[in-house]
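The chain contents come next:
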Amino acid sequence: MNLRYLVLVLWIGFSCGKDNSTPVTPPPAPSEATFRNPIQNGADPFVYRKDGQYYYMQTVGNRVDLWRTEKMSELNSARRTTIFTPPATGANSRNLWAPEIYFLNGKWYVYYTAGSDTEEYSQRTWVLENASADPTQGTWTQKGRLFNPENDNYALDGNVLEHNGSLYFLWSGWPKGVNKVERQEIYISKMGNPWTLTGKTTLLTTPELNWERNGFGVNEGPQVLKNPQGRVFMIYSASYCGTDDYALGMLSLREGGDPLNAADWTKTQQPVFTKSPSANAFGPGHNCFFQSPNGSENWLLYHANTNTGEGCGERRNIRMQPFTFTSSGLPQFGEPVATGRSIAVPAGE
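Let's talk about the overall build of the chain
A count of helices and strands for the chain gives 1 helix and 23 strands. Computed over its C-alpha atoms, the radius of gyration of the chain comes to 26 Å, more than 25% above the 20 Å expected for a compact globule of 349 residues. Once the C-alpha set of the chain is aligned to its principal axes, its extents read approximately 115 × 45 × 40 Å. Put simply, the chain has 349 residues, and 52% of those count as buried. Here the contacts in the chain between residues at least 6 apart in sequence split such that 52% fall between residues at least 24 apart.

What follows is the structure, given as structure tokens:
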């Protein structure tokens, strides 16, 4: 048989015969895990991370709830526990707002705002304590009201600064002697322990700029932020929350500065995060910060309204997005990410 003919016959036989091998299907290209804003309904978000767990809180109104999750992008399905139900009457029985949780001196502490069932402008700051390793377990005990006798007045939105081995408490309130809504300012005092303020009270910022005075003058929701080099910033919410122009401002503590010396803080003259109608973000504010599970990313958590004119009510929702620091160490928040847009989950989830 001619060699070329033999080769042709063998080729035809193999090509026409049944192939019993398993076809190899290339694996699909890996898809990046994403989420979309808003991540859940609510207002006044705060999160604290310890031992790989994120402990999250927001205003509920008639109690204090605590969420626990390993993945902030899945907050809406996180385990939720009620850790405090107020008494039926009394000084802390109504309007429970803006709780924040911290692990300080080996115990857990929650700072929340609450008022009286009989007095309209009675909002003050209260402290809960829990010695359990897991704050969703154990017993939360009431440590009482947190205040400085120098300015024992309307007080809300407490936040803790840990700096150079000392604790400081920041809050929003009214000037001493004022008994009606005129303006809200931000104050700071040193903490003798997690439930006691000591020494002087310092006024850090008052609503003096036009963009801080929409509706009426408000500086509230102070949140401490430290850059990778340890420089301290205080991000706060400005203007009345019932307006679309609720926004974020910033104070910077000079390097080596004293947190109790107002002259050591510098206010940025323009807001650092504002509304974006094209992104369905109206009145963005009352923020906090967290790092991704692997520590490589910084994230901004805040509330906003989806539509114009929705005010300070139940239509507010929680959103999050990454941010960066500039080469000079300043936080750069950018603009609100549009609702419904896919965002890559925090690195390490």
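That covers the picture; the talk isn't over yet.
Focus on the nonpolar core
Counting residues in each nonpolar core, the largest one holds 49 residues, and the members touching the most others are Met72, Ile101, Tyr111 and Leu301. Here this core takes 6 residues from strand β8 (residues 107-115), the largest share from any one element. Not counting the four nearest positions on each side in its chain, Ile101 is found in contact with Phe46, Tyr48, Tyr55, Met57, Leu66, Trp108, Tyr109, Val110, Pro135 and Trp140. One finds Ile186, Tyr236, Leu251 and Leu253 within the second-largest nonpolar core, a separate group that totals 17 residues.

Details of the side chain of Asp157
Turning to its location among the elements, Asp157 is positioned in strand β11 (residues 155-163). The charged side chain of Asp157 is buried without a salt bridge, its nearest counter-charge being Arg316 at 9.1 Å. Looking at Asp157, its side chain comes within polar contact range of the main-chain nitrogen of Gly221, at 3.0 Å. In contact with Asp157, other than residues within four places in its own chain, are Ala98, Thr113, Leu170, Trp171, Ser172, Glu220, Gly221, Pro222 and His286.

Side note on the environment of Thr268
Tracing the backbone through its elements, the reader meets Thr268 in the loop between β18 (265-267) and β19 (282-291). Sequence-wise, Thr268 and Met250 are 18 residues apart; in three dimensions their C-alpha atoms are separated by 5.6 Å. Among all residues touching Thr268, those that are not within four sequence positions of it are Leu209, Trp211 and Met250.

Side note on the sheet that holds strand β3 (residues 46-50)
Reading across the sheet, the 4 strands line up as β3-β4-β5-β6 and stay open at both edges, with antiparallel pairing between neighbours. Strands with a single pairing partner mark the edges of an open sheet, and in this sheet they are β3 and β6 (79-84). Going from strand to strand, the sheet's axes swing by 25 degrees on average, the running direction of each strand aside. Inspection of the sheet shows strand β4 (residues 53-57) paired to strand β5 (residues 64-69) by 3 bridges, in the antiparallel sense. Paired with Tyr54 across the strands is Thr69, a residue of β5.

About the cut-offs
Note that residues are indexed from 1 along each chain, following the sequence as it is written. This being a predicted model, a pLDDT of at least 70 is required before a residue's local features are given, and a value of 80 or more before pairs of side-chain atoms are given or counted; all residues contribute to the totals for chains, interfaces and linings. Hydrogens and water are ignored here; the side-chain numbers use all heavy atoms of the structure. Secondary structure elements are taken from DSSP: a helix is a run of H or I of four residues or more, a strand is a run of E of two residues or more, and numbering for both begins at the N terminus. Put simply, the radius of gyration uses C-alpha atoms, and a globule should come to 2.2 Å times the residue count raised to 0.38. When accessible area is computed with a 1.4 Å probe and restricted to protein chains, residues below 20% of their type maximum are described as buried, those above 50% as exposed, and intermediate ones as partly exposed. Contacts were defined at the residue level, with two residues in contact if any of their heavy atoms lie within 4.5 Å. Throughout this description, the term nonpolar core refers to a set of buried Ala, Val, Leu, Ile, Met, Phe, Trp, Tyr and Cys residues connected via side-chain atoms within 4.5 Å. We score Asp and Glu as negative and Lys and Arg as positive, and we do not count His or the chain ends. Each reported salt bridge corresponds to a side-chain nitrogen of Lys or Arg within 4 Å of a carboxyl oxygen of Asp or Glu. Polar contact criterion, stated in full: a pair of N or O atoms within 3.5 Å, where within protein one must be able to donate a hydrogen and the other to accept it, and residues adjacent in sequence count only if both atoms are side-chain atoms. Here, a strand pair is defined by DSSP locating no fewer than two bridges between the strands. Orientation is described by lines fitted to C-alpha atoms, with helices fitted over the stretch in contact, and by angles between N-to-C directions that extend from 0 to 180 degrees.

So yeah, pure geometry; function would need other evidence.
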